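# Observations on the model geometry
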Amino acid sequence: MSASQTSDVPTLLVKIFGKDRPGITAGLFDTLAAYSVDVVDIEQVVTRGRIVLCALVTEPARGLEGDLRATVHSWAESMKMQAEIISGIGDNLPRGVGRSLVTVLGHPLTSQATAAIAARITATGANIDRIFRLAKYPVTAVEFAVSGAETEPLRTALVTDAAKLGVDVAVVAAGLYRRAQRLVVMDVDSTLIQDEVIELFAAHAGCEDKVAEVTAAAMRGELDFEQSLHARVALLEGLDASVVDKVRSEVRLTPGARTLIRTLKRLGYQVGVVSGGFTQVTDDLKERLGLDFAQANTLEIVDGKLTGRVTGEIVDRAGKARLLRRFAAEAGVPLSQTVAIGDGANDLDMLNAAGLGVAFNAKPVVREAAHTAVNFPFLDTVLYLLGITREEVEAADTLEVG
């Protein structure tokens, strides 16, 4: 029987709740089968060993409803459970136009924050249709399926309050594309890795303070990225090329980075990095982590020494967005199905160009401009924003990378 056929048909909502155990669902429907009812809808939730099972079924033949009610209650009692049966007409009410998925991350996820998020959703005129837990560690992650509001206004309303509530919130349009193959592109310094690569080189050159001065000037707006890049790299002139291997060994991956990349790859995603740093490090990361794409600036080396210059295309703020588009074209992935992750103002064009831009432990100006922010020190929490559960992360570890 189709949805249109059940719109004005008498139906019964049968609700069973109590201690979960094997066979409850089969037992309920075996009981209902004796009355030849059709199933219109089913919902089941198990929380800490307690089950709530709801079955929306067509009304039985005339004169049998009372018997059905008595039989269901008797069966529930035999299972030491409770039953509730409510008469009505038709199926569930149609959901409102506009479907979104709201992911909330908290450590912990407080009742106050949950109440505030739910109230804000309601204030936009939307309705919460379902709530599902994605993960319980390293953060608590829950997903709200919401209807009745467009995604962008809902995102604006929720993300504004997230920081004050001590949670991270991501809002994406619901639809098949969310589970389609995607491309994820990350910044490197202070995102994929914990370090700033130029500072690691500067430590070997003994010019850390001077590099820091140039960086500070750039942050004050006195230099643009390309000017600051050339100024800092010039300080490395004469450094022996053997330092490259030392810097590679000093690079520290961000906690959760390996899990993020391994899981994405095993689930069929393509993964790349773009960096204002140097190919001498990103090429090594690409090989070690099995990345599909990597692009950065290149330190010029002549006769075994750094010349203090960079060669090739400069990867700056605009360059990162340009590379995201290039990688997407090469991967055959629409830009709307790309995810970009970064922490600095240099990443903003890329974050805004992607279908989902994630500010990772970023400065306030970046958090405010990105689609969503993650303020926990674990890079793999980004997986939950993509609707990937902790169980799926663990299951992916049993798969072989193709």
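Numbers given for residues are sequential positions, taken from 1 along each chain in its written order. pLDDT decides what is reported in this predicted model: residues at 70 or higher carry local features, side-chain atom pairs at 80 or more are listed and counted, and totals for whole chains, interfaces and linings draw on all residues regardless. Hydrogens and water molecules were not included; the side-chain quantities draw on all heavy atoms of the structure.

Which entries qualify depends on this criterion: UniProt positions are given in the numbering used here, feature names are shortened, and annotations may be inferred rather than shown by experiment.
If you look the protein up in an unreviewed UniProt entry, it shows as phosphoserine phosphatase from Streptomyces composti. Among the UniProt annotations of the protein, the heading Cofactor (unreviewed entry) holds the following wording: "Mg(2+)". Under the UniProt heading Pathway (unreviewed entry), the entry covering the protein gives this text: "Amino-acid biosynthesis; L-serine biosynthesis; L-serine from 3-phospho-D-glycerate: step 3/3."

## Quick look at the packing of helix α8 (residues 243-250) against helix α10 (residues 279-289)
Filter applied, for reference: Comment: axis = line fitted to C-alpha atoms, over the contacting stretch for helices; angle = value between 0 and 180 degrees taken between N-to-C directions. Helix numbers and strand numbers start at the N terminus; a helix is a DSSP run of H or I with at least 4 residues, a strand a run of E with at least 2. Angles below 35 degrees are treated as roughly parallel, those above 145 as roughly antiparallel, those between 65 and 115 as roughly perpendicular, and all remaining angles as oblique. A crossing counts as left-handed when the near helix is turned anticlockwise from the far one by less than a right angle, and as right-handed when that turn is clockwise. Contacts were defined at the residue level, with two residues in contact if any of their heavy atoms lie within 4.5 Å. Note on residue classes: Ala, Val, Leu, Ile, Met, Phe, Trp, Tyr, Cys and Pro are nonpolar, Asp, Glu, Lys and Arg are charged, and everything else, Gly too, is polar.
Their axes nearest at 10 Å, the elements α8 and α10 cross at an angle of 50°. On the basis of the axis angle, α8 is oblique to α10. In this structure, α8 meets α10 at a crossing whose hand is right-handed. The residues of α10 that touch α8, namely those facing Val244, Val247 and Arg248, are Gln280, Val281, Asp284 and Arg288. Here the contact of α8 with α10 is composed, by residue class, of three nonpolar, one polar and three charged.

## Focus: a negative patch on the surface
Threshold: Only residues whose relative accessible area exceeds 30% and that form no salt bridge are eligible for patches; like-charged ones are grouped when within 9 Å, while nonpolar side chains (Val, Leu, Ile, Met, Phe, Trp, Tyr) are grouped when within 5 Å. Methods summary: accessible areas were calculated by the Shrake-Rupley approach with a probe of 1.4 Å, and residue burial reflects only the protein chains presented. What makes a salt bridge here is a side-chain nitrogen of Lys or Arg within 4 Å of a carboxyl oxygen of Asp or Glu, nothing more. Counting rule for charge: Lys and Arg are taken as positive, Asp and Glu as negative, and neither His nor the chain ends is counted. The atom standing in for a charge is NZ when the residue is Lys, CZ when it is Arg, CG when it is Asp and CD when it is Glu. Note on classification: 1.4 Å probe, protein chains only; a residue is buried when its accessible area is under 20% of the maximum for its type, exposed when over 50%, partly exposed between these limits.
Taken together, Glu199, Glu208, Asp209 and Glu213 make up a surface patch of like negative charges. The greatest single-element share of the negative patch, amounting to three residues, is contributed by helix α6 (residues 208-219). Looking at where Glu208 falls in the secondary structure, it is placed in helix α6. Residue Glu208 is classed as partly exposed on the basis of its relative accessible area, which comes to 47%.

## Some details on the nonpolar core
Filter applied, for reference: Definition of nonpolar core: a set of buried residues of the types Ala, Val, Leu, Ile, Met, Phe, Trp, Tyr and Cys, connected through side-chain atoms within 4.5 Å.
Core analysis: the largest hydrophobic core is formed by 61 residues, its most contacted members being Leu192, Phe201 and Ile341. Here this core gets five residues from one element, more than from any other, and that element is helix α5 (residues 197-205). For Ile341, the residues in contact, after removing those within four places along its chain, are Val184, Val185, Met186, Asp187, Thr191, Leu260, Met350, Leu351, Val358, Phe360, Leu379 and Val382.

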